[in-house]
Amino acid sequence: MNALDADNSVEEQAAYWFARLRADNAGKGDQRRFKAWLEKSPEHAEAYALQEEVWTAMQDSAVDDEIMAMRQNALAVSAGSNNNSWMKYGAIAASLLVVVVSMVMLNPFGNMGSSNDVDPSQQLAQGGSQSSPIYRTAIGQRSTVNLPDGSVVELNTDSLVQINFSEDRRDLILLRGEALFEVAKDADRPFVVEADGKLVTAIGTTFSVRRSDDEVRVTLIEGIVTVDQDDSDTANPDAVSKKQLKPGEQLIAQGGQPFKVNVIDTAVVTSWKDGRLIFDNEPLGMIVQEVNRYSSRKLVFGDPTLSDMRVSGIFQVGSVDSFAAALEASFPVRNSAPSGEGDIVLDWKE
């Protein structure tokens, strides 16, 4: 039995890893292989996050008798066969899949409509040092994750973060999107966030990390962090210099290029956590790209030259209709939705 065969669905593979990482004999090799599988495709991270959501739901609420019976039937497969540990993992994965299917039928989109708080401390304690929960936000959603060490992670729209806590380390991986980290002090356990091969290390501080395409941005609000390159992810580790940031500085890393550090306004960079976006004399093309991150309905340009117009303002996140109306009221811009729905087209006013 190989749950990672290409013939198996992504959901089956995710269930396998969820069970495997909680096994007593799971080791560092499993963690490495899991990381490689996770980063192979965004669908893998989504499927694993669903496993985490289901597990949390199982901890927080009772499961009805029919689902419990289905789980028991799945677990009974290994009890009547042999002592092969992989068969046991397969049965656990099967039982989890039963619950996943049942949960999805009841609520296919989970709690993805609004901001929410998540407390994984009990789950991490039950999962042990090998537990690697993943937390996600949908487009337009923000979420707060309270970590068992007292640290707090605030996830911005369309983001994924994996938590890897052990007795001597606090490792996290930002798989997609943007997050703000408020780190509880613990000199004996470094707090390290990895994003696309970049390592951000802190002890007690507040900083944000944004990952998009091949670019990573690290913004320091309080304290001190160091940013380095994971040598295992580059053939030329000398191409990137290790940097230590001071509050008010933002580091930009693109591929294997040398790090760039700029002084920025941290209130503007982190305004999303209060549900606002602040722009100061920015090109409308960049602003539209940012606003579109928070909505499944997109803004597009009917006239490409409009993207060069400079705009300043404070806008609420989440509603492209309100943003388009504000543009039309304050700037020489008109908006329309030719089909009445779908994308909103921006043009110059005649």
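Sequence order as written defines residue numbering, which begins from 1 separately in each chain. Two thresholds apply to this predicted model, a pLDDT of at least 70 for residue-level local features and 80 or more for giving and counting side-chain atom pairs, whereas whole-chain, interface and lining totals are computed over all residues. Only hydrogens and water are set aside; all other atoms, that is, all heavy atoms of the structure, feed into the side-chain values.

1. Looking at the packing of aromatic side chains
So, point 1. Pairing of aromatic rings covers Phe, Tyr and the six-membered ring of Trp, with a centre-to-centre limit of 6.5 Å; geometry is then stacked below 30 degrees between planes, edge-to-face above 60, and tilted otherwise. Scanning the entire structure with this criterion turns up 7 aromatic pairs.
So, point 2. Ring centres of Phe181 and Phe207 lie 5.2 Å apart, and the angle between their planes is 25 degrees; this geometry places the pair in the stacked category. Placement of the pair is Phe181 in strand β6 (residues 170–182) and Phe207 in strand β9 (residues 206–212), with a sequence separation of 26 residues.
So, point 3. In this structure Phe181 comes out as buried when scored by relative accessible area, which is 0%.
So, point 4. The class of Phe207 is buried, set by a relative accessible area of 0%.
So, point 5. By the ring-pair criterion, three or more aromatic residues cluster together here, those being Trp17, Phe34, Trp37 and Tyr48. Strands are runs of DSSP state E lasting at least two residues, helices are runs of H or I lasting at least four, and both sets are numbered from the N terminus onward. Exposure is judged per residue with a 1.4 Å probe applied to protein chains only, and the accessible area is read against the type maximum: over 50% gives exposed, under 20% gives buried, and values in between give partly exposed.

2. A word on the confidence of the model for the protein
So, point 1. Mean pLDDT for the protein: 77, with 71% of residues reaching 70 or above.
So, point 2. Known as pLDDT, the predictor's per-residue confidence is scaled from 0 to 100. Contacts are assigned to residue pairs with any non-hydrogen atoms lying within 4.5 Å of each other. Segment residues 81–115 is flagged for pLDDT under 50; beyond a separation of four residues in sequence, or across chains, it makes 56 contacts in the model.
So, point 3. Throughout residues 118–130 the model reports pLDDT below 50, and contacts reaching past four residues in sequence, or to other chains, amount to 31 contacts.

3. Focus: empty space enclosed by the protein
So, point 1. Cavity: a set of points on a 1 Å grid over the protein atoms alone where a 1.4 Å probe fits but cannot get out. Pocket: an open set with protein on both sides within 12 Å along at least five of seven lines, its lining residues, like those of a cavity, having an atom within 4 Å of a point. Grid points are joined across faces, edges and corners, and a volume is the space filled by probe spheres set on the points. In total, this model carries 1 cavity of 30 Å³ or more according to the counting rule given.
So, point 2. Space inside the largest cavity adds up to approximately 30 Å³.

4. Thoughts on the environment of Asn281
So, point 1. Within the element layout of this structure, Asn281 appears in strand β15 (residues 276–283).
So, point 2. Here the alpha-carbon distance between Asn281 and Gly313, two residues 32 residues apart in the chain, equals 8.4 Å.
So, point 3. With residues up to four places along the chain from it excluded, the contact list for Asn281 reads Arg310, Val311 and Ser312.

5. Brief notes about helix α9 (residues 320–330)
So, point 1. Residues of α9 that are buried include every one of Val320, Phe323, Ala324 and Leu327, and no others. Down the axis of α9, the buried set is contained in an arc of 95 degrees. They therefore lie on one face. Residues of α9 that are exposed and point over 90 degrees away from its buried face: Ala329 and Ser330.
So, point 2. Close packing links the buried residues of α9 with α8 (284–292), β16 (299–301), β17 (310–316), β18 (333–336) and β19 (344–348). Read the arc as the range of directions from the helix axis to the C-beta atoms.

6. Some words on the side chain of Arg189
So, point 1. Structurally, the position occupied by Arg189 is in the loop between β6 and β7 (191–195).
So, point 2. The exposure class of Arg189 is buried, given its relative accessible area of 16%.
So, point 3. Sequence-distant contacts of Arg189, that is, excluding residues within four places in its chain, are made with Asp149, Phe165, Ser166, Glu167, Asp168, Arg169 and Arg170.

7. Remarks on the environment of Val291
So, point 1. Note that Val291 resides in helix α8.
So, point 2. A C-alpha to C-alpha distance of 8.0 Å links Val291 and Leu277, two positions 14 residues apart in sequence.
So, point 3. In this structure Val291 touches Leu277, Leu299, Val320 and Phe323, once residues within four positions along its chain are discounted.

8. Quick look at the sheet that holds β16
Whether parallel or antiparallel, the strands of a sheet pair through hydrogen bonds between backbone atoms.
So, point 1. Criterion used throughout: strands pair if DSSP finds at least two bridges between them. Reading across the sheet, the 3 strands line up as β16-β19-β18 and stay open at both edges, with mixed pairing between neighbours. The sheet is open, and its two borders are formed by β16 and β18, each paired with just one other strand. Geometrically, the sheet is characterised by an average inter-axis angle of 35 degrees between neighbouring strands, direction not taken into account.
So, point 2. Here 4 bridges tie β18 to β19, and the two strands are oriented antiparallel to one another. If you follow Ser336 over to β19, its bridge partner there is Val345.
So, point 3. Axis angles are defined between N-to-C directions and span 0 to 180 degrees, where every axis is a line fitted to C-alpha atoms and, for a helix, only to the segment in contact. Packing against the sheet, α8 makes contact with β16 and β19, and its axis sits at approximately 155 degrees to β16.
So, point 4. α9 contacts β16, β18 and β19 of the sheet and is inclined by roughly 145 degrees relative to β18.

9. Things to note about the packing of α8 against α9
So, point 1. Two numbers describe how α8 lies on α9: the axes approach to 11 Å, and their chain directions differ by 155 degrees. If you check the angle between α8 and α9, you find them roughly antiparallel. Considering how the two elements wind past one another, α8 and α9 form a crossing that is right-handed. Two secondary-structure elements touch here, α8 through Leu284, Ile287, Val288, Val291 and Asn292 and α9 through Val320, Phe323 and Leu327. Should an angle lie under 35 degrees it is considered roughly parallel, over 145 roughly antiparallel, and from 65 to 115 roughly perpendicular; all remaining angles are considered oblique. With the far helix as reference, a near helix turned anticlockwise by less than a right angle produces a left-handed crossing, and one turned clockwise produces a right-handed crossing.

10. Comments concerning the packing of helix α1 (residues 10–20) against helix α2 (residues 28–38)
So, point 1. Two elements in contact, α1 and α2, have axes whose closest approach is 11 Å; the angle formed by their N-to-C orientations is 155 degrees. With respect to α2, the axis of α1 lies roughly antiparallel. In this structure, α1 crosses over α2, and the sense of that crossing is left-handed. Taking contact as the criterion, the partners of Val10, Gln13, Ala14, Trp17 and Arg20 in α1 are, on α2, Asp30, Arg33, Phe34 and Trp37.

11. Section: the pairing of strand β13 (residues 249–254)
So, point 1. Along β13, 5 of the 6 residues are buried, which leaves the element largely enclosed by surrounding structure.
So, point 2. By the bridge criterion, 5 bridges tie strand β10 (residues 215–222) to β13 in an arrangement that is antiparallel. Residue pairing in the sheet places Val218 in a bridge with Leu251 of β13.
So, point 3. Pairing of β13 with strand β14 (residues 260–263), which is carried by 4 bridges, proceeds in the antiparallel orientation. In the strand pairing of β14, Leu251 is matched with Val261.

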